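Reading the structure
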Amino acid sequence: MMNFLKEILSFLSFSEPNVKVVFWGSLVLCGISGLVGTFTLLRKRSLIGDVISHSVLPGIALAFILGKQKNLIYLIIGATITGWISTYLVDYITRNSKIKNDTAIALILSVFFGTGVLLLTHIQHSGNASQSGLDQFIFGRASAMNMTDVWLFAGAGIIIIISTAILFRGYTLISFDEGYARAIGFPVEWLKLILSITTVITVAMGVQAVGVVLMSALLITPSAAARFWTNNIRVLTILAVVFSAFSGVFGSAISYTYQGMPTGPWIVVVVSLIAFISALTGSKTGLLKSLLLRRSNNRKILKENTIKIFYPLSLQGTPEKYYSLEELSVASDTPVKILSKGLSVLKNDHLIEGNSSLGFRVTAEGRRESRAIVRKHRLWELYISRFMNLQPDHVHDDAEGIEHVITPEIEKELEEELNFPLLDPHEKEIPYDQL
Amino acid sequence: MNDFWIITTASLVALNTAILGSFLIMRKMAMIGDAISHAVLPGIVIAYFISNSRASFPILVGAAVSGLVVTALIQFFSKKVKLQNDASIGISYTFLFAIGIILISAFGTNVDLDQECVLYGEIAYVPIDLIYWGNQSIGPRQFWILFSTAIIIVTAVIIGFRKLVLTTFDESFAAALGINIVFWQYYLMASVSLTTVVSFESVGAVLVIAFISGPPATAFLITRSFKQMIMYAIGFGISASILGYYTAVWLNGSIAGAMAAVIGLQFALVFSIVKFRQRSRIQDIPVSGA
Amino acid sequence: MEAQDSSIETHDLTVIYNKKPAIWNIDFLLPKGKIIGIMGPNGSGKSTLLKAIMGITEPNIGYSKIFNKPLDEVRDRVSYVPQRQSVDWDFPASVYDVVAMGRFAKLGLLKRLTEEDKHIIKDSLEKVKMAPFANRQISQLSGGQQQRVFLARAIAQRADLYLMDEPFVGVDASTEEAIINLLKSLRDEGKTLVVVHHDLHTAQHYFEWLVMMNTRLVASGPAEEVFNEQVLTDTYGGTLTTLSKVANLLQEKSFPMRHK
Ligand SMILES: Nc1ncnc2c1ncn2[C@@H]1O[C@H](COP(=O)(O)OP(=O)(O)OP(=O)(O)O)[C@@H](O)[C@H]1O
Ligand SMILES: [Mg+2]
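These remarks concern the structure in this document. (Residues numbered from 1 in each chain as written. Chains lettered and ligands numbered in written order. Predicted model: local features only at pLDDT ≥ 70, side-chain atom pairs only at ≥ 80, totals over all residues. Heavy atoms only, no water.)

1. Brief notes about the overall build of chain B
Rules: Numbering of helices and strands runs from the N terminus, with a helix taken as a DSSP run of H or I at least four residues long and a strand as a DSSP run of E at least two residues long. Values of the radius of gyration come from C-alpha atoms, whereas the globule rule sets the reference at 2.2 Å times the count of residues to the power 0.38. With a 1.4 Å probe rolled over the protein chains alone, any residue whose accessible area is under 20% of its type maximum counts as buried; one over 50% counts as exposed, and the rest are partly exposed.
Along its length, chain B carries 11 helices and two strands. In sequence order, the secondary structure elements of chain B are arranged as α-α-α-α-α-α-β-β-α-α-α-α-α. Radius of gyration (C-alpha) of chain B: 20 Å, near the 19 Å computed for a compact globule of 290 residues. The C-alpha extent of chain B, read off along each of the three principal axes, is 75 × 50 × 35 Å. The burial tally for chain B puts 62% of its 290 residues in the buried class.

Spelled out as structure tokens, the structure:
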């Protein structure tokens, strides 16, 4: 492990000149993909990214056949052309036949890729000497980049960033509501065209680093990961770029350090791990958050259900009386185990006093709490029996659940809507706080 | 003889995928096929590595496990954390595929698998890998594997045909009849996984998708009944295998790639004819009305 | 009405999507041999109610019974007509193929259609006046014709209770009249028809019994009793603010509606 860290650090220290190229190359390529991918995700066109990335392959092969050499600009132009044709075809087929979108995607993706493979193997078998390195487009090899390539990427990257910044509002609107954008006179068709050309160019360059098969992950995964943290599109975009750029650098460092490791898969694994971690811990939809929420809910339910037990007891007996665990268990028909858990929560919150040998009794605050929960329960029973058309014998179960959700504001609304009722549907008193 | 075995093997792939693909595209699940065909890779590699052989059983198990993992991942993203469906599919299968490629790079020298063959198979080597009955060769191993799979798939689909069609066409009506939707969904997915895994080795991940989506889509354009659609799809698939093979020989390129290209051409041709007919029919109407 | 005379009984039926109730505590008894309307604004849970009754959506709380029995015991006596938009009409099948699906439940996996089945299918097609279209591709049907195909499929099931989700949407006046006459003749044979409907003007003429709902049940009773100003404002006059606040809280705090 230490060794591994050392290797990564030595990569980041740029001790070898070529490292700089790989570092900046993957940083730029992955960063732009994260940027463009945000809109791919928001427009629900994630799988279109998949189509484009598979479909640049025949373009690359054709550019090679026509150009007779591996010239990056030709290759990118070729890739851009076939990539763009593929998205156009998917849309055309979906619009002009009964073929559904996902079928069109699968069809175009595999046919273009297959054709690309056919052409590539044709080139390889025909024994052209300079063909070596063409297959790097399938899985990507960032280490094959040179400084000229990086300058080219950087130039294209700057244009993409500037155009995105200028058109940000338009992109946001067409992602959110295309019809509305059209209605208020945005040039929707132009925006879509520019966005799709931007996407295709990004993919055409990105296959350098990660290869055609996994390029779609670079469009989808960073923004999906960012989605777990925010609803704000600007923040989303920035996060996606950061995640993506980080994975790019990290992935290429690994592939640079270990000979024979392809770059693309490592970048994808890193960014996918970021997505998993975000899904589990993200502030918006994170699983961790809902787990914590569930725990605090359960605690609240336990606490309120236990304090409720004391309400009927305090009506009949003297409030000073201590009740033993068994008495409470019998009175409330609750297993001792759950009950003692609930009692310890109550004691913690100073709602009851006493102990297991002495017995338990409510404090003043506890009495108020127990009246409050019974009041919410009975108000709700009355409310639903009136407004949900339920017989009095059907309302209890629902109120058992809802009583824990009712906030003071809702309680006040209920009281007003029901005109400060005194009795619940079972003719039992609704206990208000004595003023 | 080599031509014969290659074409026959590809035709068996075409047969299985045409049948299942017809269901998948009518269920709008073509991309799930895509996801599974990529995602089985890590399982296959690990099985290769552990069993140190190309024996079919460990590979099936490995592939089945990773097939389950990708389904679980997609479910996790789309149901548990509410990510949109297309992105859930995209993330899950690229992740597993990436792991598969990394494993190949790491163990590449130990297992005889390479990165390219994963994508476009090595159907050209099918005739070399023979199996023997006593001393007598009875044909390529891949052929027999695909042949048995075909028997399983055809039987499974004939048995379940009615329920599969009903759950595909109208899920809520089927549920109202008391048909277990989830069961038939898994029935279909299990068949798809099996087909994908056994086809993987000969034609690779991407051609499986071409076969799953292409011939059924072409057939869908011109058929009137679902049974007919399956028959046509099989026809298109098998003819693409034959034409694809000779195209590859002619261009001296990848056989799987050529088959995918032919599948695309078939679709383009049928699509244009249908469009052309429609247009001329639309122009006919005012004439006949006059 | 007692439970044993009812066609459908629901008991505290609650369906929760994404932690928010789509139908909440629906509790009613519906009579037999009547044309019954279910009405409520968009998104008020009408389709969800039918699906929960048919077991297509598992209710989170509560249960329903049909003819006073659990659904599984009487499934062959019930027919469900989904919303027309819920299927892909490009599916390669003919009108006849779709109506034949109405016989599948009785045929099981492999048995072929008998002469009797074929007769029933033809008869059902005639009842909805679609016999001349039997061999037509379903992708070439108009909206009203699609609806009639769905009705024919339901009739082919020879059920006693029909649950129909918005059969009048997107059909012209004459088709609507044809459909309602068909429903009336089925009713006259003693069948029970439960129909989700949107048009307040026609509701009184079509239905003998009305269920008014808006997530919760607002009213259920004979049409002439239920159809009044108060019930209509309660159903359509916006949601109950407190109720929807509580529903939102349930979702926000991912609170369980029932626990233990
Ligand atoms: N599968 C589902 N997942 C999540 N929410 C759903 C689902 N189906 C319905 N809902 C939600 O449940 C509520 C009730 O929907 P339902 O379709 O039952 O209403 P409806 O009364 O039939 O409406 P309409 O008149 O538009 O047909 C809506 O808010 C809807 O968004
Ligand atoms: Mg509805």
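2. Topic: the packing of aromatic side chains
The following threshold applies: Under the pairing criterion, centres of Phe, Tyr and Trp rings, with the six-membered ring standing for Trp, must be within 6.5 Å; the plane angle then separates stacked pairs below 30 degrees from edge-to-face pairs above 60, leaving the rest tilted. Lysine and arginine charges are scored as sitting over a ring when NZ or CZ, respectively, is within 6 Å of the ring centre and within 35 degrees of the ring normal.
The tally for this structure, following the rule as stated, stands at 33 aromatic pairs over all chains. Between the aromatic rings of Phe183(B) and Tyr187(B), the centroid separation amounts to 5.8 Å while the plane-to-plane angle is 45°, which identifies the pairing as tilted. In this pair, Phe183(B) and Tyr187(B) both sit in helix 9 (residues 181-222), four residues apart, roughly one turn of the helix. Clustering of aromatic rings is evident, with ring pairs tying together Phe23(B), Phe161(B), Phe169(B), Phe226(B), Trp89(C), Phe91(C) and Phe150(C). One residue, Arg153(C), lies across the ring of Phe173(B), its end atom 3.5 Å from the ring centre. Sitting above the plane of the Phe150(C) ring, Arg153(C) keeps its charged end 4.4 Å from the centroid.

3. Some words on the site of ligand 1
Residue and element names in this part refer to chain C. Note the following rule: Whether a residue is near a molecule or strand depends on its heavy atoms: it is near if one of them lies within 4 Å of it. The method behind every accessible area is Shrake-Rupley, applied with a 1.4 Å probe, and residues are considered shielded solely by the protein chains displayed.
Among the 13 residues in the neighbourhood of ligand 1, the closest are listed as Asn-42, Gly-43, Lys-46, Ser-47 and Thr-48. Expressed as a share of its isolated accessible area of 640 Å², the protein-covered part of ligand 1 is 59%. A per-element tally of the shell around ligand 1 places helix 1 (residues 46-53) first, with three residues.

4. Remarks on the interface of chain B and chain A
What counts here: Contacts are residue-level and defined by heavy atoms, with any inter-residue pair within 4.5 Å sufficient. What gets called buried area is simply the loss in accessible area from a 1.4 Å probe that two parts show on being joined, summed for both. Any Lys or Arg side-chain nitrogen found within 4 Å of a carboxyl oxygen on Asp or Glu counts as a salt bridge.
At the junction of the two partners, chain B supplies 54 residues and chain A supplies 56 residues. Interface of chain B and chain A: buried area, both sides summed, is about 4700 Å²; carbon and sulfur atoms make up 78% of it. Per-residue buried area on chain B facing chain A is highest for Met31(B), Phe95(B) and Ile102(B); these three make up 12% of the total on that side. The interface formed by chain B and chain A contains zero salt bridges.

5. Comments concerning helix 4 (residues 72-96) of chain A
Spelled out, the test is: Take the residue count of a helix, subtract one, and multiply by 1.5 Å to get its expected span.
Between its terminal C-alpha atoms helix 4 of chain A stretches 36 Å, which fits the 36 Å expected from 25 residues at 1.5 Å a residue. Within helix 4 of chain A, the full set of buried residues consists of Leu72(A), Leu75(A), Ile76(A), Gly78(A), Ala79(A), Thr80(A), Thr82(A), Gly83(A), Ser86(A), Thr87(A), Val90(A) and Ile93(A).

6. With respect to helix 18 (residues 408-417) of chain A
Basically, it comes down to this: Arc definition: directions from the helix axis to the C-beta atoms.
Listed as buried for helix 18 of chain A are Ile410(A), Glu411(A), Leu414(A) and Glu415(A). Angularly, the buried residues of helix 18 of chain A cover 140° about the axis, an arc narrow enough to put them on a single face. Turned more than 90 degrees away from the buried face of helix 18 of chain A sit Glu409(A) and Lys412(A), all of them exposed. The elements touched by buried residues of helix 18 of chain A are helix 16 (364-387) of chain A together with helix 11 (241-252) of chain C. Following helix 18 of chain A by one or two positions, Asn419(A) has its phi on the positive side, about 65°.

7. Re the pattern of salt bridges
Inspection of every chain in the model, using the stated rule, returns 24 salt bridges over all chains. Linking Asp349(A) and Lys303(A) is a salt bridge whose minimum nitrogen-to-oxygen distance equals 3.4 Å. Separated by 46 residues along the polypeptide, Asp349(A) in the loop between helix 15 (336-348) and strand 1 (352-355) and Lys303(A) in helix 13 (residues 287-316) bring together distant segments of the chain. Arg75(C) is the partner of Asp72(C) in a salt bridge, and the nearest nitrogen-oxygen pair spans 2.9 Å. Judged by relative accessible area, which is 61%, Asp72(C) ranks as exposed.

8. Let's talk about the sheet that holds strand 2 (residues 20-31) of chain C
Residues and elements named next belong to chain C. For clarity, the threshold we go by: If DSSP finds at least two bridges between two strands, the strands pair. Lines are fitted to the C-alpha atoms to define the axes, a helix being fitted only along its stretch in contact, and any angle between axes, read from their N-to-C directions, falls within 0 to 180 degrees.
The sheet built from three strands is open, its strands ordered 2-1-4 with antiparallel pairing. A single partner strand is all that each edge strand has here, and the edge strands are strand 2 and strand 4 (61-66). On average, adjacent strands in this sheet sit at an angle of 15° to one another, irrespective of strand direction. Relative to strand 2, strand 1 (residues 6-17) runs antiparallel, the two sharing eight bridges. Across the sheet, residue Leu-13 finds its bridge partner in strand 2, namely Ile-26.

9. Overview of the sheet that holds strand 8 (residues 209-214) of chain C
All names here are of chain C. Across the sheet, six strands lie side by side as 5-6-7-3-8-9; this open sheet has mixed pairing. Looking at the sheet topology across the chains shown, the edges are occupied by strand 5 (78-81) and strand 9 (216-222). Averaged over all neighbouring strand pairs, the angle between strand axes comes to 15°, with direction disregarded. The pairing of strand 6 (residues 161-164) with strand 7 (residues 192-196) spans four bridges and is classified as parallel. If you follow Tyr-162 over to strand 7, its bridge partner there is Leu-193. Across the sheet, helix 6 (residues 143-156) is in contact with strand 5 and strand 6; its angle to strand 5 comes to roughly 170°.

10. With respect to the side chain of Ser78(B)
Relative to the helices and strands, Ser78(B) resides in helix 4 (residues 56-80). In this structure, Ser78(B) is in contact with Leu83(B), Asn85(B) and Ser88(B), ignoring residues within four places of it in sequence.

11. Concerning unusual backbone geometry
Even without being a glycine, Lys44(A) presents a positive backbone phi close to 55°. Overall, the relative accessible area of 56% leaves Lys44(A) in the exposed class. Phi at Lys28(B) is positive, roughly 55°, even though this residue is not glycine. With respect to the secondary-structure elements, Lys28(B) resides in the loop between helix 1 (2-26) and helix 2 (30-39). Assessed through its relative accessible area of 41%, Lys28(B) is described here as partly exposed.

12. Observations concerning the pairing of strand 8 of chain C
Residues and elements named next belong to chain C. Among the six residues of strand 8, six are classified as buried, and the element is accordingly described as predominantly covered. Of the two faces of strand 8, both are covered, the one formed by Trp-209, Val-211 and Met-213 as well as the one formed by Leu-210, Met-212 and Asn-214. Summarising the sheet, strand 3 (residues 35-39) and strand 8 pair through four bridges and their orientation is parallel. When the bridges of strand 8 are listed, Ile-36 appears paired with Trp-209.

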